[in-house]
Amino acid sequence: MSWGVNNSWSGSTAYGSGESAGQSDARINTIDDNGMPDIVIIFLGTNDCASGFSLANYINAIKKMITKIRKLGNPQIFLTTLGYSDYNSNNYKENRVLYNAELRKIAGDYNCGIVPLDEYIVETSYMFYLGDRLHHNAKGAELLAKIYEKTI
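Note that the structure is a prediction, hence the values are computed from the model and not measured.

**Quick look at the nonpolar core**
The biggest cluster of nonpolar side chains holds 25 residues, and the ones touching the most others in it are Ile42, Ile62, Ile66, Ile77 and Leu79. Among the elements that line this core, the one with the most residues is helix α3 (residues 55-72), at seven residues. Residue contacts for Ile77: discarding those within four places in its chain leaves Val40, Ile42, Ile66, Ile69, Arg70, Cys112 and Gly113. Core analysis: the second largest hydrophobic core is formed by eleven residues, Phe78, Leu117, Ile121 and Ile147 among them.

Shown next as structure tokens:
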């Protein structure tokens, strides 16, 4: 495989009106900067959930992203669930479970793959993979790469 575009932004969310929002045209329109990819991985939601964005706003943003991406081409899209964290501002721990359930439903409804990060980064292992309770450290990045490779 060859890497086309890494469009990750610090603090970005799926939902929102600014350029850093995953659902924004500014973000979506960079997907084919190096040619239309065969695979698009969407890994957004940690900051939405930690910021207390409603589940409805998050889900609508993910659906918009999928629809906009498919208007550009027909890549295989994978949605990444959120792994465990003991971070609990805005009820992160409880809401993360709801976000993940909806991601799985959307994956089924929109014919997307699912990257089950929540099955790997769990309550008994998260401290090895997260540097600050939300963001992955080097071991976490290695784990993500392995999970993506296995899933794809």
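**Description of empty space enclosed by the protein**
By the definition in use, this model includes one cavity of 30 Å³ or more. What the largest cavity holds in volume is close to 70 Å³. In terms of lining, the largest cavity is formed by 13 residues, of which the most central are Thr46, Gly83, Tyr92, Leu134 and His136.

The rules behind these values
- Residues numbered from 1 in each chain as written.
- Predicted model: local features only at pLDDT ≥ 70, side-chain atom pairs only at ≥ 80, totals over all residues.
- Heavy atoms only, no water.
- Core = buried A, V, L, I, M, F, W, Y, C linked by side-chain atoms within 4.5 Å.
- Buried < 20%, exposed > 50% of the residue type's maximum accessible area, 1.4 Å probe, protein only.
- Helix = DSSP H or I, 4+ residues; strand = E, 2+ residues; numbered from the N terminus.
- Contact = heavy atoms within 4.5 Å.
- 1 Å grid on protein atoms, 1.4 Å probe; cavity = no way out; pocket = protein on both sides within 12 Å on 5 of 7 lines; lining within 4 Å.
- Points joined across faces, edges and corners; volume = space filled by probe spheres on them.

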